Amino acid sequence: MTTNKHLLTKIIGIVTIVFLVFPLILIVVTSFGTEPTISFPIKGFTFAWYANIFSQDSFTQGFITSVVIALLASLASALVGLPAAYALTRGETKFSHFLESVFLAPVMVPEVVLGFSLYSSLVIYARFPLFLSLLFGHFLICMPYTIRLLIGGLEQFDSSIEEASWVLGTSRLSGFFKMVLPNISTSIISGFLLSFINSFNNIPVSVFLSGANVNMLPTSILNYLQNNYDPTVSAISTCLMLLTLIFMLMAEKKLGLKSLIN
Amino acid sequence: MARLDVKHLAVSYNGKNKILNDINLTIEDGELVSLLGPSGCGKTTTLRSIAGLIRSNQGQILVDGKDISRIPVYKRNFGMVFQSYALFPQLTVRENVAFGLKNQHIREPDLSSRVNEMLDIVGLLDYAARFPSQLSGGQQQRVSLARSLVTHPSLLLLDEPLSNLDAKLRVEMREMIREIQQRLKLTMLFVTHDQSECFAISDHVAVMNKGVIEQFDSSESIYHHPLTEFVAHFIGYENFFQVKKFLKNQKYLLDHNLEFTAADSSPNVISLTIRPEDIEIIEKETENSDNHNQLEGKILFSTYLGDSYRYQIDTPLGIVIAVSGTDKKYLSGQPIVLNFPSQKVLGLSK
Ligand SMILES: Nc1ncnc2c1ncn2[C@@H]1O[C@H](COP(=O)(O)OP(=O)(O)OP(=O)(O)O)[C@@H](O)[C@H]1O
Ligand SMILES: [Mg+2]
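Residues numbered from 1 in each chain as written. Chains lettered and ligands numbered in written order. Predicted model: local features only at pLDDT ≥ 70, side-chain atom pairs only at ≥ 80, totals over all residues. Heavy atoms only, no water.

Trainee: Can you explain helix H3 (residues 57-90) of chain A? Please cite residues and give values.
Mentor: Given a rise of 1.5 Å per residue, 34 residues ought to cover 50 Å, and the 49 Å separating the end C-alpha atoms of H3(A) matches this to within 8%. Along its length, H3(A) reaches its greatest deviation from straightness, about 30°, at A:Gly81, and the proline A:Pro83 lies no more than four positions downstream. (Helix = DSSP H or I, 4+ residues; strand = E, 2+ residues; numbered from the N terminus. Expected span 1.5 Å × (residues − 1). Bend = angle between axes of the 7 residues up to and from the residue.)

In structure tokens, the structure reads:
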């Protein structure tokens, strides 16, 4: 019985790895192919497609926009999320449960719907600048993750530590900076990283809120794919994978992957 | 250095069930009062209300006669040892102890000398550079104690500050607390559920049960004259005899038509009690004819306590616990007579 279970777990594991990793390996391999279209197996070896990434303005622009938006949105969600999560964990129970669901609500809304509603309200109706609308959309994407992680961190934090600092003559505000912040820094950093990755990878919201000069990297790639099917896309995907890997390794080294997932 | 008055304090966490109910307490300037009670009776809640960490529903807290409800926690100059220690994990032991002094704008070299002196007193000078996570539970507790004492607070609230120490260190630390308290004339409220600890260091003791203070009295009074069954039980009285009727002049009627004389005389008495060590065991042969305040019984078994034997004795009034010296040992099954000196038999009310 147990050996059967063992076998089943093994098979599921292998299948998962094959389905997850094989396409990724395929992408990496095809990015070095000499053929003008993505094909496998490759016939020759070249770095040309990597060079081609930088000749495309839409990619470099998209990358910069993506990084800037992801940074700003993660930062904003941390700045808004911190006092909100603090109030939620320290406040009256009934009301704070309600508020918590409000802050977590954006996860429930399909991102396409979120993107479209922001597009029609902010861009079409209120005539907001596209960049700000995009930023706001990504802020909404980041918010739930940030709040979740911060609430988790604050619930772990023994509030009597903070109280002890008050009794010893520290005001509430200064107690927050001296006691709360340093002790939930893991949650803050992991919330920031998760927000950043989510914002950077997002397509549904970005598609609706992009335009002539405002394009995120994923939407640029989509646009490019509509007219071309050459290994440049494989090359850029490989670069992104590498970046994400570095990112994750950094996070892992600093916090341990567990805290990032929980 | 202040006098504390707690008047009619009531607290409930969710507005429904009351955790504290009409708590009244006075600590004179420079006095140490212990709050004694079983787990969950509301000791921590009382301390937190006084510190201003939770809002009370009713009542007043006065320091030197002035209501402090509007003074924010950080301006009260209180000290507190938290039950969970609440050390600052990101600061070293030295920084933890120095934290309150820095808030009081104490500068070097005063700062270092006071911190070092305090660390020396609690025996942790060698651990000054460590972080709390690198200390044992007992060491953490001593850091917490040092951190609260070093600022010379006007009122010090201690929530079971010695609970995690071994027996020897416990006695050392409680004597240290008492010594500092008397030298600096600090006003202290000391929470414990260890009765010997509480009698050893306090001027007054408040015995608490289910959110009310059952008895607030000097240590001696509580020890020798507990007023209720709960208080008596909590401070080591083990024998309780139901009173059927108050006769007259300190005389009470018990089960089996036994008549006992007690030290108290009141119709409100519902049971009589006596400390195990106050009961006299007499051998059956030397029994005298006067069997007033006496019970016949049979030794069930004994345990050796080092300086005495502790017996369980089967009597008509149920199992009686008696403690007697080591000069004579009674054997299991031996019939004996128990004598209850009337001045040691106390009457308890509800
Ligand atoms: N935050 C809270 N919310 C609701 N009830 C609480 C809260 N804190 C404590 N209580 C309840 O209040 C009562 C008193 O708790 P308190 O912590 O004051 O007890 P205690 O006398 O300090 O006990 P112990 O000796 O175990 O520390 C308990 O019944 C407890 O369940
Ligand atoms: Mg407690």
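Trainee: Account for the nonpolar core, naming residues and giving values.
Mentor: Counting residues in hydrophobic clusters, the biggest one holds 72 residues, and the most contacted among them are B:Leu4, B:Ile50, B:Phe78, B:Met80, B:Phe88, B:Leu157 and B:Leu189. The element that contributes the greatest number of residues to this core is helix H6 (residues 130-156) of chain A, accounting for 11 residues. Ignoring any residue separated from it by four or fewer positions in sequence, one finds B:Leu157 in contact with B:Leu47, B:Ile50, B:Ala51, B:Phe78, B:Gly79, B:Met80, B:Val81 and B:Leu189. Of all hydrophobic cores here, the second largest spans 34 residues; its members include B:Leu111, B:Leu158, B:Leu186 and B:Met188. (Core = buried A, V, L, I, M, F, W, Y, C linked by side-chain atoms within 4.5 Å. Buried < 20%, exposed > 50% of the residue type's maximum accessible area, 1.4 Å probe, protein only. Contact = heavy atoms within 4.5 Å.)

Trainee: Could you give an account of the UniProt feature "transmembrane region" (unreviewed entry) in chain A, naming the residues involved and the relevant values?
Mentor: Residue and element names in this part refer to chain A. The sites that UniProt annotates as "transmembrane region" (unreviewed entry) are residues 12-33, 63-89, 101-124, 130-151 and 232-251. End-to-end, the C-alpha atoms of residues 101-124 are 29 Å apart, and along that stretch the chain is 75% helix and 0% strand. Taken as a whole, residues 130-151 contains 100% helix and 0% strand, while its terminal C-alpha atoms sit 32 Å from one another. (UniProt positions renumbered as here; feature names shortened; annotations may be inferred.)

Trainee: Could you give an account of the site of ligand 1, with specific residues and numbers?
Mentor: All names here are of chain B. Lining the immediate environment of ligand 1, one finds 13 residues, of which Ser39, Lys43, Thr44, Thr45 and Gln83 sit closest. The contact in question runs from a nitrogen atom of ligand 1 to an N or O atom on the side chain of Tyr13, over 3.4 Å. At a separation of 2.6 Å, an oxygen atom of ligand 1 approaches a polar side-chain atom of Ser39. When ligand 1 is considered free in solution it has 640 Å² of accessible area, and contact with the protein chains removes 59% of it. Looking at which element gives the most residues to the shell around ligand 1, the answer is helix H1 (residues 43-51), with three residues. Split into classes, the residues belonging to the shell around ligand 1 amount to four nonpolar, seven polar and two charged. (Near = heavy atom within 4 Å. Polar contact = N/O pair within 3.5 Å; in protein donor to acceptor, adjacent residues only side chain to side chain. Areas by Shrake-Rupley, 256 points an atom, 1.4 Å probe, with all protein chains shown as cover. Nonpolar A, V, L, I, M, F, W, Y, C, P; charged D, E, K, R; others polar.)

Trainee: How would you summarise the domain arrangement of chain B if you had to cite specific residues and measurements?
Mentor: All names here are of chain B. When cut into domains, chain B gives domain 1 (4-226) and domain 2 (237-348). Here the C-alpha centre of domain 2 lies 39 Å away from the C-alpha centre of domain 1. If you sort the residues of domain 1 by the area they bury against domain 2, Tyr223, His225 and Pro226 come out on top, with a joint share of 85%. In this structure, the connection of domain 1 to domain 2 is made through two residue pairs in polar contact (both at pLDDT 80 or more). Residues of the side of domain 1 that touches domain 2, tallied by class, amount to two nonpolar, two polar and no charged. (Domains from an automatic or database assignment. Buried area = accessible area lost by both parts, 1.4 Å probe.)

Trainee: How would you summarise the pairing of strand E1 (residues 4-12) of chain B if you had to cite specific residues and measurements?
Mentor: All names here are of chain B. Here E1 lies mainly inside the structure; seven of its nine residues are buried. With five bridges joining them, E1 and strand E4 (residues 58-63) adopt antiparallel strand pairing. Each residue of the ladder has a partner; that of Leu4, found in E4, is Val63. Note that E1 and strand E2 (residues 18-27) share six bridges and pair antiparallel. Bridged to Asp5 within E2 is Thr26. Between E1 and E2, which pair antiparallel in sequence order, lie five residues; one of them, Gly15, sits at a positive phi of approximately 85°. (Pairing = 2+ DSSP bridges.)

Trainee: An account of the coordination of the magnesium ion (ligand 2) is needed here, citing residue identities and associated values.
Mentor: Residue and element names in this part refer to chain B. Within the first shell, the magnesium ion (ligand 2) binds the protein through Thr44 (OG1) and Gln83 (OE1), at distances of 1.9 to 2.2 Å. With Thr44 in helix H1 and Gln83 in the loop between strand E6 (78-81) and helix H2 (93-103), this pair connects stretches of sequence that are 39 residues apart. Residue class for Thr44 comes out partly exposed when judged on its relative accessible area of 26%. (Donors = N, O, S within 2.8 Å, 3.2 Å for Na, K, Ca; no water.)

Trainee: Describe in detail the packing of aromatic side chains, supporting the description with residues and values.
Mentor: With the rule as written, the count across this model stands at 23 aromatic pairs over all chains. Taken together, a centroid distance of 5.6 Å and an interplanar angle of 85° make the contact between A:Phe176 and A:Phe177 edge-to-face. A relative accessible area of 14% places A:Phe176 in the buried class. On the basis of an interplanar angle of 50° and a centroid distance of 5.3 Å, the ring pair of B:Phe246 and B:Tyr252 is categorised as tilted. Using a relative accessible area of 0% as the deciding quantity, one classes B:Tyr252 as buried. A network of ring pairs unites the aromatic residues A:Phe32, A:Phe45, A:Phe47 and A:Tyr50 as a single cluster. Here B:Arg275 stacks its cationic end above the ring of B:Tyr223, 3.8 Å away from the centre of that ring. (Phe/Tyr/Trp six-rings, centres within 6.5 Å; stacked < 30°, edge-to-face > 60°. Lys NZ or Arg CZ within 6 Å of the ring centre and 35° of its normal.)

Trainee: With reference to specific residues and values, describe the sheet that holds strand E14 (residues 259-261) of chain B.
Mentor: Residues and elements named next belong to chain B. With antiparallel pairing, the three strands of this open sheet are ordered in space as E12-E13-E14. Looking along the sheet, the strands with just one partner apiece sit at the ends: strand E12 (245-248) and E14. Strand-to-strand twist across the sheet, computed as the mean angle between neighbouring axes with direction ignored, equals 30°. Bridge analysis of strand E13 (residues 251-253) against E14 gives three bridges, and the strand direction is antiparallel. Bridge pairing in E14 links Tyr252 to Phe260. (Axes fitted to C-alpha atoms, helices over the stretch in contact; angles between N-to-C directions.)

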